[in-house]
Amino acid sequence: MKRFLALLLMWVAAPTAAQTGLPPAPYADRQLADPQQEAAARDLMDELRCLKCQSQSIADSNAPMAGDMRSQVRERIAAGETPEEVRSWLIERYGNWVSYNPPIASAVTWPLWIAPILLLFAALWLARGRFGKTRDDE
Amino acid sequence: MNRWLLWLPLVLFGLFFAAVATGLIMPKDNIIESKMVGKPMPDFSLPAAIEQRPALSSADLVKGKPTLLNIFASWCLPCIAEAPQLLELQRAGVEINAIASRDTPEDIANFLNRWGNPYARIGSDTTSRVQLELGSSGVPETFVIDGKGIIVYQHIGDIRAEDVPKILKLLEDAK
Amino acid sequence: MIAETGLIALWLAAALALLQFALGAIGLRAGRQEYFAAIRSVTVAQGVFVTLSFLLLIWLFLRSDMSVRLVVMNSASVKPFIYKFSGTWGNHEGSMLLWVTVMGLAGAFIAMFERSLKQKTLVATLAAQAFISLGFYAFLLISSNPFERMFPVPADGQGLNPLLQDPGLAFHPPTLYFGYVGLSVAFSFAVGAMITRDVGAAFAKAMRPWVLGAWIFLTLGITAGSYWAYYELGWGGWWFWDPVENAALMPWLAATALLHSVTVLATRDGLRAWTLMLAVVAFSMSMIGTFLVRSGILTSVHAFAVDPERGSFILALLAIYIGGAMALFALRVGTVKEGSRFELVSREGALVANNLLLSVILGLVFIGTLYPLLVEAVTGEKLSVGPPYFNLATGPLALMLVAVMAAGPLLRWRRDNPKALLNRISIPILITAAALFALALFTTGMSVLALLGLALAIGVGVASFAPLWKRNLRRTPLHTYGMVIAHFGIAVALAGMACESSFTEEKLVAAKPGDEIAVNDWTLKFDAIEPVAGPNWTALEARITAQYGDGALHQINPQNRMFPAAQTQTSEAALLTRWNGQLYVVLGDGDSQGRWQVRVWWKPFVTWIWYGGILVALGGFLAMIGRLRRSYKQRKQREYAEAIV
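Scope of this entry: the structure provided in the associated data block.

Conventions we followed
Residues numbered from 1 in each chain as written. Chains lettered and ligands numbered in written order. Predicted model: local features only at pLDDT ≥ 70, side-chain atom pairs only at ≥ 80, totals over all residues. Contact = placed C-beta atoms within 7 Å. Nonpolar A, V, L, I, M, F, W, Y, C, P; charged D, E, K, R; others polar. Buried ≥ 20, exposed ≤ 12 C-beta atoms within 10 Å, placed from the backbone. Helix = DSSP H or I, 4+ residues; strand = E, 2+ residues; numbered from the N terminus. Pairing = 2+ DSSP bridges. Expected span 1.5 Å × (residues − 1). Axes fitted to C-alpha atoms, helices over the stretch in contact; angles between N-to-C directions. Core = buried A, V, L, I, M, F, W, Y, C linked by C-beta atoms within 7 Å.

## Examining the interface of chain B and chain A
Chain B puts 17 residues into the contact, and the matching count from chain A is 18 residues. Among the residues forming the side of chain B that touches chain A, the class breakdown is four nonpolar, eight polar and five charged.

Structure follows, in structure tokens:
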């Protein structure tokens, strides 16, 4: 039941793809020659959110816009930018929404990152009374 | 175990309930606004999309008077819907420049012949490069730019008849 | 007439559920024994009528009765038999009816066969069960009547979207529902026990099979869903931390914790309040999951048929059930003793660690999933929380959990000696260290998490069999085997995940027929592209010959399908499975120069992820059989002893 929309999405996305007559941007589906750069680009593309989709990374999306974004990412990485520079370039334009990796140093997202520590402490605190010498009255 | 602690699950559930109930009530949109509003137009230079109109670069958008930058495409249905409003704005004396998104010269020419051409300059952005620079996430979109080249407003989607006065007011305010 | 009969059966079942609840509530208040006797028969009758109603709905679908709106909307007379059948629950109304049917059957089962629980607790449990069912009955009868007629009667149905005609649909959703219903039973048990304040080993033993059963189904449902998405969506991903995936994962995490804490309660009579809370949380998570999926409140790749109105209804039910249960918890649990205390180094200690880690992971998944919603409600800012966060926040905790999982079964109950444990676990530790060393030396590009994960998986794979060491294998109880296999399955799945994330190789090429594509040890020859036709689609099919090393040649044919009626285009990936991985080929669009975009992945050991999932479920199944057989034997012995006396 839950996987439907993915299928529906392809259904919706496909006609859009058919509308634009142009081939996709040069590096939308072309890998960079340098495997290290390609790997860096690929890792980044997995973490960037497609603007036109429900909830997909640009690496997974067939939307033309996602293809153009992939091409931009690859071109920028090939030109020597670091993945983090490319990411901040996009965040500057689209906000934190565009990255699946919420920043630590942001007024609204830092609580996410301290949550693991807080929850772990809360759990330990909850369990503190449970341990001790087994009473022999059992 | 502390008595108050036992109420904690209920309190947390209450918080969850409040959050999702607001989420259900609030109208949901999937619009991603550009964060470039309020910032200067990024540098770019695009080739001419059709022979009849000159090319477009960011320098062309610093005019000393407010202008509109419309992003459109011949394959985009809402772009047809907003064409009359753009013509109306042009008749009102507004300078409208355009970026044609992922399009071919023939298709653009056909589109403009059929639905009217309100544009002063049209740049062709075949790989969405400038669109990404602008923080734009689709077509059609219209940016209001003041005389110094600062983006003051982003209109997402087609401009309806009822949007025209608002855009004219924004242009007036940007003077 | 069938539809009317079905509706009448549904109304009767609802009325019986109301009676069941009233009998329980009044009986408990007044302490009337005759009510207690009646409630069992009423429960069974409710189960019979709701099942009848569901069977009639299936019949309507099989007969393609086009006077019923639901059939018209979701079926067509030419559809294959199996999809007419699965179409019954492949929609909102039918799935709700399936849910309440399984609940009714579960209630009837408890009423007929549960003997060990105190009578009052049993009655309270059945009343709670009826109360939950009533909400679903109200939902069905008020706003989602599956038997609604349609006038005028159309010639044929609109059919199920052709894309949704997939064996996955027949299997994946009902599996999850069975899991959810199992957790609702556990929830009813917990509510019953809170009402009578009777929380102890007997209660835990009565609840355990339901938790186990629910957990098996959830494990299977998630495994199947993950594989379904993997091969259908065509981007080679098996988990994306999408809200809908998280919605299915959260009940599983809670059920896994509950499964282990209920063992502590059954064996050592400890963790009473905690187990009650977990039972409440586990069911909450299934309701919340259903709500998130159906309301469309979160943006997901997978959510479908979202409807905010139905979402509100589910949210209202959620508030009544969960809010009520949590208030009851706060009011009653103060008087329930938590039970015995534990030594840190003991089986209980490990199980408590398991529970704490699972709860923290659950909390993080929950927070991460809902955080964007919260932030948008408060500040209006949109943000995304995705794989980078979830992997980093929960990954290390999950690895700790796996380490605890290896050590736990080797510990004695009550009290153990740390040195003795170290002794028992020394071989797996050495293996883990050796694997870590070898991987760090011989591989490149593995992330720290994947590196630790793979090394740990190898060590834990060995350690999971350690509980069988030096034991008489024929006298080892079945549930111990179940645990061993389930834990081994976790190691297998973990190894698959680590390998997939580290060693996957991807190739994107624009290929002309005649071109060769090399990925890892594979050589793919793109022979031709040809049109093929199916019943309701036409496709372009790539003919590709794949060869692994010098091995045999394999034909694989990824397709680009067009469904003209639905104006739909889909990509059918071609998968080639070897023991050591899977080749995944997707055909993209063609260009004007006669080249075709081909995406190829070689994913080493990716199938282990799902084999692992199946092993985990199998382990759970063995454990359940073992437990049920043992309690049956014990009861027989007791009855025999009583008969002699």
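Having put the structure on the table, let's press on.
## A few points about the pairing of strand E6 (residues 141-145) of chain B
Residues and elements named next belong to chain B. Burial of E6 is extensive: five of the five residues sit out of reach of the surface. Side chains of E6 alternate between two faces, with Glu 141, Phe 143 and Ile 145 and Thr 142 and Val 144 buried alike. Strand direction decides the pairing type here: strand E3 (residues 67-72) and E6, joined by five bridges, are antiparallel. For Thr 67, the partnering residue across the bridge sits in E6 and is Ile 145. The pairing of E6 with strand E7 (residues 151-156) spans five bridges and is classified as antiparallel. When the sheet's bridge partners are listed, Phe 143 is paired in E7 with Gln 154.

## Things to note about helix H10 (residues 272-295) of chain C
Residue and element names in this part refer to chain C. Its 24 residues give H10 an end-to-end C-alpha distance of 34 Å, which sits within 8% of 34 Å, the value for a rise of 1.5 Å per residue. A large share of H10 lies buried, amounting to 23 of its 24 residues. Backbone geometry just after H10 places Gly 296 at a positive phi near 70°.

## Describing the sheet that holds strand E1 (residues 505-511) of chain C
Residue and element names in this part refer to chain C. Pairing within the open sheet is antiparallel, and its four strands lie in the order E1-E10-E9-E8. The open sheet has two free edges, formed respectively by E1 and strand E8 (574-578), since each of these has just one partner strand. Taking each pair of neighbouring strands and ignoring which way they run, the sheet shows an average axis angle of 15°. Here seven bridges tie E1 to strand E10 (residues 596-604), and the two strands are oriented antiparallel to one another. Within E10, the residue paired with Glu 506 across the bridge is Trp 601.

## Side note on unusual backbone geometry
For residues that are not glycine, phi is negative in most cases, and the peptide bond is trans in most cases. Put simply, B:Val139 and B:Pro140 share a cis peptide bond, and its omega is -10°. Inspection of the secondary structure assignment puts B:Pro140 in the loop between helix H5 (129-134) and E6. Put simply, C:Phe151 and C:Pro152 share a cis peptide bond, and its omega is -10°. Note on placement: C:Pro152 falls in the loop between helix H6 (119-143) and helix H7 (167-196). Of note in the backbone geometry, B:Arg102 takes a positive phi value of approximately 45° without being a glycine. Mapped onto the elements, B:Arg102 comes out in the loop between strand E4 (96-101) and helix H4 (105-115). On the basis of neighbour counts, which here come to 26 C-beta atoms within 10 Å, the residue B:Arg102 falls in the buried class.

## As for the sheet that holds E4(B)
Residue and element names in this part refer to chain B. Spatial strand order, E5-E4-E3-E6-E7: five strands in an open sheet with mixed pairing. Sheet topology places strand E5 (122-125) and E7 at the edges, where each strand pairs with a single neighbour. On average, adjacent strands in this sheet sit at an angle of 20° to one another, irrespective of strand direction. Inspection of the sheet shows E3 paired to E4 by five bridges, in the parallel sense. Looking at the pairing, Asn 70 lines up with Ala 98 of E4.

## Points about the nonpolar core
Core analysis: the largest hydrophobic core is formed by 223 residues, its most contacted members being C:Ala186 and C:Val280. Top contributing element to this core by residue count: helix H8 (residues 201-233) of chain C, with 19 residues. The contact partners of C:Ala186, leaving out residues within four places of it in the chain, are C:Met207, C:Trp210, C:Val211, C:Ala214, C:Leu258, C:Ala279, C:Ala282 and C:Phe283. Membership of the second largest hydrophobic core comes to 38 residues, among which are B:Ala83, B:Phe111, B:Val130 and B:Phe143.

## Some remarks on the environment of C:Thr577
By the secondary structure assignment, C:Thr577 is in strand E8. C:Thr577 sits 27 residues away from C:Pro604 along the chain, and the two C-alpha atoms are 9.9 Å apart.

## Here's the deal with helix H2 (residues 33-63) of chain C
Helix length check: H2(C) (31 residues) gives 46 Å between terminal C-alpha atoms against 45 Å at 1.5 Å per residue, within 8%. Downstream of H2(C) by a residue or two, C:Ser64 has a phi angle that is positive, lying close to 50°.

## Quick look at the pairing of strand E4 (residues 538-548) of chain C
Residue and element names in this part refer to chain C. Where strand E3 (residues 522-533) meets E4, 11 bridges bridge the pair, whose relative direction is antiparallel. By the bridge assignment for E4, Trp 522 is matched with Tyr 548. Two successive antiparallel strands, E3 and E4, enclose a turn made up of four residues. Pairing of E4 with strand E6 (residues 559-563) involves four bridges; the strand directions are antiparallel. Counted as the bridge partner of Leu 540 is Asn 560 from E6. As defined by bridge partners, E4 adjoins strand E5 (residues 553-556) across four bridges and the pair is classed as antiparallel. Paired with Thr 545 across the bridge in E5 is Gln 555. The hairpin formed by E4 and E5 contains four residues between the paired strands, and Gly 549 there has a positive phi angle of roughly 60°.

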